[in-house]
Amino acid sequence: MKTVLVSFIYASPRRVERRHLWQNLQSLIPNPNVPWVAIGDFNSVANGSAKLGGAEVCLGSAQEMLQCLQACELNDIGFQVPCFTWKRGRLQERLDMACTNEKWNIKWPNTFLAHFPFFNSDHRLIIMMDNHPGRQASSQKPFRFMEAWLTSNNFSHLANEAWTNNRCWAQDSSPPKSRIDARLKGIDHNLSFQYNSNLVNLRKSFWKDLETILLREELTWFQRSRSRWIKYGDRNTRYFHANTVAKRRRNIIDALKNDDGEWVSNVDQLTTLASTFFMNLYTEDNTSRAKLPLRGMFPSVHGMNHSGMNRVPFTEEIRRLVFKMGKFKAPGPDGLLAVFFQSQWDNIGASIGLLIKELFLNPQ
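Explain the pairing of strand β9 (residues 124–129) to me, please; I cannot follow it from the model alone.
The two faces of the sheet receive side chains in turn, since in a regular strand these alternate between them. Relative to β9, strand β8 (residues 112–118) runs antiparallel, the two being bridged by five bridges. Bridged to Leu 113 within β9 is Met 128. Between β8 and the antiparallel strand that follows it, β9, lie five residues; Asn 120 among them carries a positive phi value of about 55 degrees.

So this is what it looks like as structure tokens:
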């Protein structure tokens with residue numbers, strides 16, 4: 001039976017007594033492989049945004065709580081609006097929350113905290129759920145090129161064929177890791193009774209396949225995590241996975257205010273609200289705007305510099321620029337990253353060069 005640690009928090013309103021709670025909480029730190037959640041009334045706010053009205057936030061008290069959570073490697077999972085979970089008169093604070101460790105976030109990445117209306121109490125009812133509507137997998141995911149595909153021996157051939165014939169390619173299929181693990185266990189079991197050279201050679205072959213799968217797995221999570229300061233190569237898959245889950249949690253939009261000042265949390269309504277906002281933002285209206293006095297405020301380009309900017313670039317110049325791009329920078333609408341063009345330049349470089357030159361010659 002797998003172990004899960006759940007700590008229910010009911011902190012004292014007095015700072016001195018809360019310190020005992022923070023110490024006791026740190027004594028409960030489980031094995032890193034055990035999912036852990038601490039949920040309840042922490043009776044302390046983390047920062048100024050978690051309080052409305054009253055005196056300023058006590059930074060010392062907030063720092064003590066945050067240091068405890070950091071020592072326990074617990075992270076606040078956030079919440080659905082409204083923000084504040086406790087009120088008294090005009091004073092409102094977010095005292096109730098749920099914090100989880102890395103193992104919990106990896107096992108249940110869709111966990112979220114729902115705040116319900118006040119009912120016969122100065123605290124809201126909070127319920128932790130694992131079916132966040134805004135974190136469900138989309139049925140229409142955009143295409144994204146994955147660097148892990150480059151480890152396939154025939155990828156260059158498939159990519160060149162697809163590029164030449166203007167059609168999509170499929171990801172290289174390989175046996176799942178679980179199947180290889182099962183085969184290796186069976187081989188080890190048989191070899192424990194009797195040596196067999198054929199089984200030894202077969203085990204070496206499976207080891208090689210498993211190494212390739214682990215590399216692809218690491219590359220995939222490395223790319224999704226968009227980590228900048230750590231390099232792959234040391235089997236950092238767990239770190240990359242946790243980094244990706246944390247990034248997705250930060251990027252989730254739980255609710256938005258509409259033009260009437262009302263909070264909207266329904267996924268379909270959020271989609272409509274966001275689309276409408278940006279359509280209106282980038283739609284030109286007939287409102288007259290005062291002209292800014294910009295003449296003479298910027299340096300002018302004359303002579304050879306001007307003609308140089310308009311000339312058609314050489315293929316080598318295009319190649320140098322492509323290889324200076326960050327491999328995992330934001331892809332274009334086609335989902336292709338710079339690493340694809342860099343790795344397949346020998347096959348597609350000529351057509352890329354012709355396309356860019358055509359844009360210079362016929363910009364319309």
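Now, onward.
Sorry if this is basic, but what is going on with the nonpolar core here?
Proteins that are soluble and globular tend to have nonpolar side chains buried together. Counting residues in hydrophobic clusters, the biggest one holds 15 residues, and the most contacted among them are Phe 145, Phe 155, Phe 340, Phe 341 and Ile 352. Looking at this core, the elements that each hand over two or more residues are α4 (155–165), α10 (315–324), α11 (338–343) and α12 (345–361). Residues Trp 36, Ala 38, Met 65 and Cys 68 belong to the second largest nonpolar core, which totals 14 residues.

Is there a simple way to think about the pattern of salt bridges in this case?
The final tally for this structure, using the stated rule, is ten salt bridges. One salt bridge in this structure joins Arg 88 and Asp 122, with 3.4 Å as the shortest N-O distance. Of this pair, Arg 88 sits in strand β5 (residues 86–88) while Asp 122 sits in the loop between β8 and β9, placing them 34 residues apart in sequence. Ionic pairing is found between Arg 320 and Glu 316, a salt bridge with its closest N-O pair at 4.0 Å.

What's the story with the sheet that holds strand β1 (residues 5–10) in this structure? I'm lost.
To summarise the sheet geometry, strands pair through backbone hydrogen bonds and adopt either a parallel or an antiparallel arrangement. One open sheet accounts for four strands, arranged β1-β2-β7-β4; its pairing is mixed. Each edge of the open sheet carries a strand with a single partner, namely β1 and β4 (75–76). Sheet topology note: the β4/strand β7 (residues 96–100) ladder contains two bridges and is antiparallel. From the neighbouring strand, Asn 75 faces β7, where its bridge partner is Thr 100.

Would you explain unusual backbone geometry in this entry?
Leave glycine aside and you will find that most residues have negative phi; peptide bonds, for their part, are mostly trans. Although it is not a glycine, Glu 73 adopts a positive phi angle of roughly 60 degrees. Relative to the helices and strands, Glu 73 resides in the loop between α2 (59–72) and β4. Note on Glu 73: relative accessible area 59%, which makes it exposed. Positive phi values are uncommon outside glycine, yet Asn 120 reaches one of about 55 degrees. Along the chain, the position of Asn 120 falls in the loop between β8 and β9.

Explain the packing of aromatic side chains here, please?
Where two aromatic rings form a pair, the distance of their centres and the angle of their planes describe that pair. All chains considered together, the criterion is met by seven aromatic pairs. For the pair Phe 323 and Trp 345, a centre-to-centre distance of 6.3 Å together with 80 degrees between the ring planes defines the contact as edge-to-face. With a gap of 22 residues between them, Phe 323 in helix α10 and Trp 345 in helix α12 connect regions that are remote in the sequence. Looking at Phe 323, the relative accessible area reads 37%, which means it is partly exposed.

What is the right way to look at the side chain of Glu 93 in this model?
In this fold, Glu 93 is placed in strand β6 (residues 91–93). Setting aside chain neighbours within four positions, we find Glu 93 in contact with Val 45, Ala 50, Lys 51, Phe 84, Thr 85 and Trp 86.

When you look at α12 in this model, what are you seeing that I'm missing?
For α12, spanning 17 residues, the distance from its first C-alpha to its last is 23 Å, which sits close to the expected 24 Å at 1.5 Å a residue. For α12, every residue scored as buried is listed here: Trp 345, Ile 348, Gly 349, Ile 352 and Gly 353. On its buried face, α12 sits against α4, α10 and α11.

Could you clarify how one ought to interpret the environment of Asp 181 in this entry?
Inspection of the secondary structure puts Asp 181 in helix α5 (residues 177–191). Sequence separation between Asp 181 and Leu 210 is 29 residues, and the spatial gap between their C-alpha atoms is 8.1 Å.

Can you walk me through the sheet that holds β6 in this structure?
With antiparallel pairing, the three strands of this open sheet are ordered in space as β3-β6-β5. Looking at which strands have only one partner, the edges of the open sheet turn out to be β3 (51–52) and β5. Pairing between β3 and β6: two bridges, direction antiparallel. Considered in β6, the bridge of Leu 52 is made with Gln 92.

Calculation rules
Residues numbered from 1 in each chain as written. Predicted model: local features only at pLDDT ≥ 70, side-chain atom pairs only at ≥ 80, totals over all residues. Heavy atoms only, no water. Pairing = 2+ DSSP bridges. Helix = DSSP H or I, 4+ residues; strand = E, 2+ residues; numbered from the N terminus. Core = buried A, V, L, I, M, F, W, Y, C linked by side-chain atoms within 4.5 Å. Buried < 20%, exposed > 50% of the residue type's maximum accessible area, 1.4 Å probe, protein only. Salt bridge = Lys/Arg side-chain N within 4 Å of Asp/Glu carboxyl O. Phe/Tyr/Trp six-rings, centres within 6.5 Å; stacked < 30°, edge-to-face > 60°. Contact = heavy atoms within 4.5 Å. Expected span 1.5 Å × (residues − 1).

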